[in-house]
Amino acid sequence: MKNLRTLLMVLAMLPFSLCANAQSIFDNLTFEAPKKLVRPTGKDINVRKSGSPKAPKVTKDGYNLTKNPFEILSVEEENTGWYRIKDGWISKTVAKPCKSNPITPEMLNVYYGYSTAYDDYMFWTVAPIKGEHGLYILYRECENFWGEPYGLWLGKKVGNVFVFKYHVKFKTDLSDNENDFKVQKETEYGDVYFKLLGGSKYVLDAVIGGSNFTVPDFSKFNEKVLERIFKESIEKNSTDYYYINSEILSKEYANCIFG
């Protein structure tokens with residue numbers, strides 16, 4: 001009988017033991033601090049194939065690839081007059097080192113925007129996600145001719161910089177059922193993205209730059225939702241770095257008027 005009672009106790013504790021040892025795809029993620037960050041001082045800064053004003057411009061989808069003042073760029077190499085970034089080289093005459101002052105809680109869950117014309121805008125927000133891994137989401141939406149990346153990035157705060165490492169395309173649709181919260185993977189015209197079909201309890205009607213947008217309420221997201229969204233990118237180690245600091249989470253962009 002004693003052995004039977006011991007066996008029953010072990011079996012009863014087994015689910016708790018398995019739960020305690022359950023692995024998360026977020027357990028071993030690392031987010032590396034950038035060596036140096038710079039920020040363009042003007043709009044439509046050209047990226048060149050080498051550190052010379054005579055070097056060919058880098059192109060993307062048939063257009064010149066340019067950088068703008070709302071972008072934080074990681075420097076991989078530099079010389080007396082040029083910075084080498086992920087996409088190529090930019091002149092030091094049109095970029096400056098970032099200040100990267102402390103990021104305060106008041107800067108989070110706020111929508112910021114940048115616009116050069118009615119049909120050329122983007123907005124973004126950084127939000128903490130519920131869970132034990134200290135993760136953050138960058139949500140970025142845009143409308144322009146240049147094929148700017150949009151969607152969700154997953155990252156962490158490293159010092160005074162948010163380091164976002166994994167990226168998925170992401171859209172939001174409003175559901176007629178206020179309680180709906182469905183994140184599903186879809187394909188449209190060969191483009192793979194995740195879509196949040198959210199009821200009124202899980203989305204926000206935000207006024208950004210004087211225009212109305214339906215956006216996700218990230219206070220309702222948790223790590224379980226993020227596991228479904230980023231599982232494939234993490235397992236394949238498909239990285240797409242993006243950096244955010246206090247210069248981009250500033251009043252300069254908080255009241256942007258589109259158009």
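In this numbering scheme, every chain counts its residues from 1 along its sequence in written order. For this predicted model, a pLDDT threshold of at least 70 governs which residues receive local features, and a threshold of 80 or more governs which side-chain atom pairs are given and counted, while totals over whole chains, interfaces and linings are taken from all residues. No hydrogens and no water enter the side-chain calculation; it runs on all heavy atoms of the structure.

Which parts of the structure should I look at to understand the overall build of the protein?
Helices and strands together make up the secondary structure of the protein, namely three helices and 21 strands. Long-range contacts, defined as pairs at least 24 residues apart, comprise 58% of the intrachain contacts of the protein with a sequence gap of at least 6. Per-residue and other accessible areas were derived by the Shrake-Rupley procedure at a 1.4 Å probe size, with only the shown protein chains allowed to occlude residues. Element-wise, carbon and sulfur atoms account for 52% of the exposed surface of the protein, whose accessible area totals about 14500 Å². Where helices and strands are cited, they refer to DSSP runs of H or I of at least four residues and of E of at least two residues respectively, numbered from the N terminus. Working rule for contacts: check all heavy atoms of both residues, and any pair within 4.5 Å makes them a contact.

Just to check I follow, could you spell out the side chain of T125 for this structure?
Structurally, T125 is set in strand β12 (residues 120-128). Only protein chains enter the accessibility calculation, which uses a 1.4 Å probe. A residue is then buried if its area is under 20% of the maximum for its type, exposed if over 50%, and partly exposed in between. Residue T125 is classed as buried on the basis of its relative accessible area, which comes to 2%. Polar contact is the term for a pair of N or O atoms within 3.5 Å; when the atoms are in protein, one must be able to donate a hydrogen and the other to accept it, and sequence-neighboring residues count only if both atoms are side-chain atoms. Among the polar contacts made by the side chain of T125, one reaches the main-chain carbonyl oxygen of V110 at a distance of 2.9 Å. Other than its neighbours up to four places away in sequence, T125 contacts N109, V110, Y111, I137, L138, Y139 and F218.

Is there a simple way to think about the packing of aromatic side chains in this case?
For any pair of aromatic rings, the description rests on two quantities: the centre-to-centre distance and the angle between the ring planes. Stacked, tilted and edge-to-face are the three classes applied to pairs of Phe, Tyr and Trp rings, where Trp contributes its six-membered ring and a pair requires centres within 6.5 Å; stacked means planes under 30 degrees apart, edge-to-face means over 60, and tilted covers the rest. Evaluated as defined, the whole model comprises 17 aromatic pairs. Plain terms: the ring middles of Y139 and F170 are 6.3 Å apart, the flat faces sit at 85 degrees to each other, and that makes the pair edge-to-face. Here the residue Y139 occupies a position in strand β13 (residues 136-143), and F170 occupies one in strand β16 (residues 170-174), the gap between them amounting to 31 residues. F170 carries the same exposure label as Y139, and that label is buried.

Any chance you could explain the nonpolar core here in plain terms?
Soluble, globular proteins show a tendency: their nonpolar side chains are buried together. The biggest cluster of nonpolar side chains holds 60 residues, and the ones touching the most others in it are W124, L154, I229 and F230. Beyond its immediate sequence surroundings of up to four residues, F230 is in contact with I137, L152, W153, L154, Y166, H167 and V168. Joining through side-chain atoms within 4.5 Å is the link that ties buried Ala, Val, Leu, Ile, Met, Phe, Trp, Tyr and Cys residues into a set, and such a set is a nonpolar core.

What is the right way to read the sheet that holds strand β1 (residues 37-40) from this model?
Each strand in a sheet pairs with its neighbour through backbone hydrogen bonds, running either in the same direction (parallel) or in the opposite one (antiparallel). When DSSP locates at least two bridges between a pair of strands, those strands are taken to pair. In spatial order, the strands read β6-β1-β10; together these three strands make up an open sheet with antiparallel pairing. Two strands in the sheet have a free side with no partner beyond their single neighbour: β6 (73-74) and β10 (95-97). Where β1 meets β6, two bridges bridge the pair, whose relative direction is antiparallel. Of the residues in β6, the one forming a bridge with L37 is S74.

Sorry if this is basic, but what is going on with the pattern of salt bridges here?
Any two side chains of opposite charge can pair, given that their charged atoms come close. Put simply, a salt bridge is a Lys or Arg side-chain nitrogen that is within 4 Å of an Asp or Glu carboxyl oxygen. Across all of its chains, the model carries 18 salt bridges by this definition. Residue E32 pairs with K165 through a salt bridge whose shortest N-O separation is 3.3 Å. With E32 in the loop between α1 (2-20) and β1 and K165 in strand β15 (residues 161-168), this residue pair connects regions lying 133 residues apart in the sequence. Residue E32 is classed as partly exposed on the basis of its relative accessible area of 37%.

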